[in-house]
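# Examining the three-dimensional arrangement
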Protein chains: 2
Amino acid sequence: MATSALTVRVFSLNCWGIRYLSKQCDQRYAMIGDLLCNGEHDIVLLQEVWSEKDFLGLKNKLTLSHPHSHYFKSGVIGSGLAIFSKHRIHDTFLYRYSLNGYPYMAHHGDWFGGKAVGMAIIQIGSLTANVYVTHLHAEYCRENDSYLPHRVVQAWELQQFIRHTSAGADAVIVGGDLNMHPQDLGTRLLRSYTGLRDAYLETAQFDGCEDGITLIADNPFINKKELIPFEKGIRIDYILFKGSSRAELHCDLMSTTKGSAPEKPFPYSDHEALTAELRLKPLASPETRHDKNHQDSRGVAELVDLLTEARTEVNVGLYCAERMRYTAQRTGIMGLALLILELAIATVPWLALGAEQPFPLTSFYLLAALCCVILVTTFLLYIFYTMELKSLQGAEDQMNLAAGGLLERLRGVSVDHTPQRKPPEGEEPRAFDTEE
Amino acid sequence: MATSALTVRVFSLNCWGIRYLSKQCDQRYAMIGDLLCNGEHDIVLLQEVWSEKDFLGLKNKLTLSHPHSHYFKSGVIGSGLAIFSKHRIHDTFLYRYSLNGYPYMAHHGDWFGGKAVGMAIIQIGSLTANVYVTHLHAEYCRENDSYLPHRVVQAWELQQFIRHTSAGADAVIVGGDLNMHPQDLGTRLLRSYTGLRDAYLETAQFDGCEDGITLIADNPFINKKELIPFEKGIRIDYILFKGSSRAELHCDLMSTTKGSAPEKPFPYSDHEALTAELRLKPLASPETRHDKNHQDSRGVAELVDLLTEARTEVNVGLYCAERMRYTAQRTGIMGLALLILELAIATVPWLALGAEQPFPLTSFYLLAALCCVILVTTFLLYIFYTMELKSLQGAEDQMNLAAGGLLERLRGVSVDHTPQRKPPEGEEPRAFDTEE
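Everything quoted here is computed from the prediction, not taken from an experiment.

Turning next to the overall build of chain A. Each helix and strand counted, chain A has eight helices and 15 strands in total. The long-range share in chain A, meaning contacts at least 24 apart out of those at least 6 apart in sequence, stands at 74%. For chain A, the computed accessible surface area is about 17900 Å², with 57% contributed by carbon and sulfur atoms.

What follows is about the pairing of strand β7 (residues 127–135) of chain A. Residues and elements named next belong to chain A. Judged by how many residues are buried, β7 sits mostly within the fold: nine of nine residues are covered. Side chains Leu 127, Ala 129, Val 131, Val 133 and His 135 of β7 all project onto a buried face; the interleaved residues Thr 128, Asn 130, Tyr 132 and Thr 134 project onto the opposite face, where all are buried too. Relative to β7, strand β6 (residues 116–124) runs antiparallel, the two being bridged by eight bridges. In the sheet register, Ile 122 faces β7, and the bridge partner there is Ala 129. Between β6 and β7, which follow one another and run antiparallel, lie two residues, and Gly 125 among them has a positive phi close to 60°. Where β7 lies against strand β8 (residues 171–177), seven bridges are found, and the strand directions are parallel. Across the sheet, the residue bridging to Val 133 is Gly 175, located in β8. Viewed along the sheet, the connection from β7 through helix α4 (residues 148–165) into β8 turns out right-handed.

Two residues of an α-helix separated by three or four positions point the same way, owing to the 3.6 residues in each turn. End to end, helix α8 (residues 361–410) of chain B covers 72 Å across 50 residues, agreeing with the expected 74 Å (1.5 Å per residue, within 8%). In the stretch just after α8(B), B:Gly412 is the one whose phi turns positive, near 85°.

Turning to the packing of aromatic side chains, a few remarks are in order. Under the definition given, this model contains 42 aromatic pairs over all chains. Summarising the aromatic geometry, the rings of B:Phe55 and B:Tyr71 are spaced 4.8 Å apart at their centres and angled 20° between planes, so their arrangement reads as stacked. Note that B:Phe55 is positioned in helix α2 (residues 52–61) and B:Tyr71 in strand β3 (residues 68–72), a separation of 16 residues in sequence. A residue is classified by how much of its surface remains accessible, and B:Phe55, at 4% relative accessible area, is buried. Members of the aromatic cluster, connected to one another through ring pairs, are A:Phe93, A:Tyr95, A:Tyr97, A:Tyr132, A:Phe161, B:Phe93, B:Tyr95, B:Tyr97, B:Tyr132 and B:Phe161. A cation over a ring is seen here: A:Arg28 above A:Phe221, with NZ or CZ 5.3 Å from the ring centre.

So, on to the confidence of the model for chain A. All names here are of chain A. With 90% of its residues at a pLDDT of at least 70, chain A reaches an overall mean of 86. Contacts of residues 413–436 to residues separated by more than four positions or lying in other chains number 81 contacts, the stretch itself having pLDDT below 50. Of the two predicted TM-score estimates for the complex, the pTM is 0.86 and the ipTM is 0.85.

Take the sheet that holds β7(A) next. By way of backbone hydrogen bonds, the strands of a sheet pair with one another, either parallel or antiparallel. Strand order in the open sheet formed by six strands is β5-β6-β7-β8-β13-β9 (chain A), and the pairing between neighbours is mixed. Two strands in the sheet have a free side with no partner beyond their single neighbour: β5 (89–96) and β9 (197–198) of chain A. One ladder, built from two bridges, connects β9(A) with strand β13 (residues 237–242) of chain A; its direction is antiparallel. Along β13(A), the bridge assignment pairs A:Arg197 with A:Phe241. Strands in contact with helix α4 (residues 148–165) of chain B are β5 and β6 of chain A; relative to β5(A), the strand with the most contacts, it is inclined by about 105°.

What follows deals with the packing of α4(A) against helix α5 (residues 185–194) of chain A. Residues and elements named next belong to chain A. The N-to-C vectors of α4 and α5 enclose an angle of 15°; their axes lie 9 Å apart at closest approach. If you check the angle between α4 and α5, you find them roughly parallel. Crossing of α4 against α5: the hand is right-handed. Here Val 152, Ala 155, Trp 156, Leu 158, Gln 159, Ile 162 and Arg 163 of α4 come into contact with α5, specifically with Leu 185, Gly 186, Leu 189, Leu 190, Tyr 193 and Thr 194. Taken together, the residues that form the contact of α4 with α5 break down as nine nonpolar, three polar and one charged.

The next subject is the sheet that holds strand β8 (residues 171–177) of chain B. Strand order in the open sheet formed by six strands is β5-β6-β7-β8-β13-β9 (chain B), with mixed pairing between adjacent strands. Looking at strand neighbours, the two that pair on one side only are β5 (89–96) and β9 (197–198) of chain B, the edges of this open sheet. Each of β5 and β6 (116–124) of chain B touches α4(A); the most contacted strand, β5(B), lies at about 105° to it.

Turning our attention to the packing of helix α1 (residues 25–36) of chain B against α2(B). Residue and element names in this part refer to chain B. Orientation of α1 relative to α2, taken along the N-to-C sense of each, is 30°, at an axis distance of 10 Å. The angle between the axes of α1 and α2 places the two elements in the roughly parallel class. α2 is crossed by α1, and the crossing has right-handed handedness. On α2, the residues that touch Asp 26, Tyr 29, Ala 30, Ile 32, Gly 33 and Asp 34 of α1 are Asp 54, Leu 58 and Lys 61. The residue inventory of the contact of α1 with α2, partitioned by class, reads four nonpolar, one polar and four charged.

What follows covers a nonpolar patch on the surface. Taken together, the side chains of A:Val376, A:Phe379, A:Leu380, B:Val376, B:Phe379 and B:Leu380 present a nonpolar region at the surface, about 550 Å² in accessible area. When contributions to the nonpolar patch are tallied by element, the ones reaching two or more residues are α8 (361–410) of chain A together with α8 of chain B. With respect to the element layout, A:Phe379 can be found in helix α8.

Within a regular strand, side chains alternate between the sheet's two faces. Residue and element names in this part refer to chain A. In terms of burial, strand β15 (residues 274–282) is largely enclosed, as seven of its nine residues are buried. Note that strand β14 (residues 247–256) and β15 share nine bridges and pair antiparallel. Note on β15: the bridge partner recorded for Ser 255 is Thr 275.

Moving on to the pattern of salt bridges. All names here are of chain B. Going through the model one piece at a time under the given rule, you end up with 39 salt bridges over all chains. Between Asp 170 and Arg 246 there is a salt bridge, with its nearest N and O atoms 2.5 Å apart. Of this pair, Asp 170 sits in the loop between α4 and β8 while Arg 246 sits in the loop between β13 (237–242) and β14 (247–256); the two residues are 76 residues apart in sequence, bridging distant segments of the chain. One salt-bridge network, held together by shared partners, links Glu 139, Arg 142, Asp 145, Arg 151 and Asp 184.

Comment: phi is negative for the bulk of residues other than glycine, and the bulk of peptide bonds are trans. Residues and elements named next belong to chain A. Residue Pro 229 is reached from Ile 228 by a cis peptide bond, and omega for that bond is 10°. Looking at the secondary structure, you find Pro 229 in the loop between β11 (215–216) and β12 (233–234). The backbone phi angle of Glu 48 is positive, close to 55°, even though this residue is not glycine. Relative to the helices and strands, Glu 48 is located in the loop between β2 (43–47) and α2 (52–61). The phi angle at Asp 211 is positive, at roughly 60°, despite the residue not being glycine.

Residues and elements named next belong to chain A. Locating Arg 325 in the fold gives a position in helix α7 (residues 297–351). The partly exposed category is assigned to Arg 325, whose relative accessible area is 22%. Residues in contact with Arg 325, not counting those within four places in the same chain, are Tyr 382, Tyr 385, Thr 386 and Leu 389.

Time to look at α2(B). Residue and element names in this part refer to chain B. Along α2, the residues that are buried comprise Asp 54, Phe 55 and Leu 58. Down the axis of α2, the buried side of the element spans an arc of 100°, and every buried residue falls inside it. In this structure, α2 carries Lys 53 and Asn 60 as exposed residues pointing more than 90 degrees from its buried face. Contacts made by the buried residues of α2 are with α1, β2 (43–47), β3 and β4 (81–85).

Rules behind the numbers
Residues numbered from 1 in each chain as written. Chains lettered and ligands numbered in written order. Predicted model: local features only at pLDDT ≥ 70, side-chain atom pairs only at ≥ 80, totals over all residues. Heavy atoms only, no water. Helix = DSSP H or I, 4+ residues; strand = E, 2+ residues; numbered from the N terminus. Contact = heavy atoms within 4.5 Å. Areas by Shrake-Rupley, 256 points an atom, 1.4 Å probe, with all protein chains shown as cover. Buried < 20%, exposed > 50% of the residue type's maximum accessible area, 1.4 Å probe, protein only. Pairing = 2+ DSSP bridges. Right-handed = clockwise from strand over helix to strand, strands pointing away. Expected span 1.5 Å × (residues − 1). Phe/Tyr/Trp six-rings, centres within 6.5 Å; stacked < 30°, edge-to-face > 60°. Lys NZ or Arg CZ within 6 Å of the ring centre and 35° of its normal. pLDDT = per-residue confidence, 0-100. Axes fitted to C-alpha atoms, helices over the stretch in contact; angles between N-to-C directions. Parallel < 35°, antiparallel > 145°, perpendicular 65-115°, else oblique. Left-handed = near helix turned anticlockwise from the far one by under 90°. Nonpolar A, V, L, I, M, F, W, Y, C, P; charged D, E, K, R; others polar. Patch = residues over 30% accessible without salt bridge, like charges linked within 9 Å, V, L, I, M, F, W, Y side chains within 5 Å. Salt bridge = Lys/Arg side-chain N within 4 Å of Asp/Glu carboxyl O. Arc of directions from axis to C-beta.

Next up, the structure:
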């Protein structure tokens, strides 16, 4: 087995590719294609490639530089996720997040995008890398972020998916638009649980915007007001990585574009593009499975706090979803009552043949139609909120399971290799996964 | 590390637990609880536990015998999947199938059930077992099975999920109602791709219904007509398993119930219950990663045929979904045209003030309401079919990727360790996953 280090250059960009809505869409795709086709990047992770035509255009342009590619399909519009690679893609898999906004918030559009995380298994030299590309639900208002529970559950599912699918991988690389700041709950959940390292924080050398921001106020496609109170901008796009017992992974260089493209009138996108130069070094003695319990007791305590925070957020989501479902239910019942009342009033003169109708025909039909619309809408909403509740409850259950296991570890109880032991307080016992 | 073999008894049952609809539901749950609480089974995999109350009832009853449990939530009603274990459950994860019938087929109900595969990581002695419980879309008419493409995609996603999440497991155990016969495409896809072994076929000793059937004609809850032309019954419930480089797994005994419960007036469910006694033996030298390329060239050729068949099925699904979407679109346009026409006819006399309305007010409103209903319904259907198309296309893309890789292997091209190689015919090159 070769033990010389390999360099893997990873590129990530949210392309903002909404046809007919995003500004200079075609020109920007042409610029992105020009940037990539020189073949400097081994792995290209793109988000918001909403149109398959644009993906195929890029694929055509990158045939020589990146012969391997995959476009992940999901939702109504698509997941927007695409991957190009110099190295062979052996296999792909897509996980659709169980929660992703609301279909009736059509102006936000996230629900229609079918947000997901795409995985590609890529062979790099003698090593297998699991590469993930993802895009989480957008944050439209930081102060009053009604999508926060959804995004937290997405981050939770993302860490689950990465943890459970990467056990056989020699290296793990994640890129994408997380729509979360570095210290946000979801980012911490993801990093703590998976042990993934942030290329911006770990890099030996950095060349890019101050504080590594990827959504900068100077970008001409951005409404500066939306960034308030973050004057300069925010960091919401990431490249994360980790090695394994079989390979070491280091970040030698990280760079971002700085709000403009060389010799072009406008930048590549409303987000900045990220490039990380990772050094992948196969290890000679791959037997020792490190990482098995990568958290010490302080780490475990931090995870417990993190989980408490996450469960609080999920509970907020549960409360909102329950309230919305209750409102839908009540409105539906009122609509039904109104319809029955109207029909009753109309039936009386109909039974007493010849008697005059109590209210004009136009009003009668309009009211009946309104009642029917209310009934159908509230029925659909009721079903939707029930599904949302189930997903939130499912996430909460899994978090409880994880938290229980962590607490036991903190209490000093050896949780490993103790089958058939009774649970401590008659409760369902839980343990933190040690599958890493 | 202990190298003595452990016995793991796995139980699987589709409980048919539709409250108020399934016959003798409460009594049957009581019987199932009585059967399980003696603690003979290490791992209990249940399907169709549609009500959480019933799950909690069982959990209460099994506190002592099976202190660890998890209920998987999904869809409108829930996934119906539950797991009870004597051994600690370390972690759980749920994958919801991207395709699962149609919401308007409410009498079939599958869509509302949110079919999924649940995973639990269970510590058995010094070994880690990944245990999966699943329930696939039902087959309502074998001759003209409109859900076949959905079930094939579910089987495809099931094998993907198992393959990608089980790399770190010492043993893999799968139980559930696959709603597929042993020789059906989906069953073959699942078994060939994952290398999972069928407990019924592998067992040293079998005690149960003839041919291992699990849906038997003699069951009083079953409409015999639905089983035609399979006079005696069909085998659609399975326990599958495989070991790893770190542990061997064998099936010593497999048994099923035989259409009745001892000393009870009716059986546990409309399905038979399965029990497999698996012998789990840790291996002394876990270094050699076997299974890496477990298919020889004949196996690869078989996989290619299998994939061809699967892609044909997915294509049938694509064709149907496209046709349905086209119909929805056309009907919607006709509804819109009718509405516009009606409004135009009504506007003319309204503009020429005082002129008489050309048709009675009642008809006018009824027609307008009908048009609106058509518009809303077709719009929703259009969105739904678009999502179905995306999921089918996604599955097809992944199958193409897999097939391409297999074909290259058949051609004798070494696909391993050849990064940065150009694709053979200007096409996107593909490879079969070797992550096992």
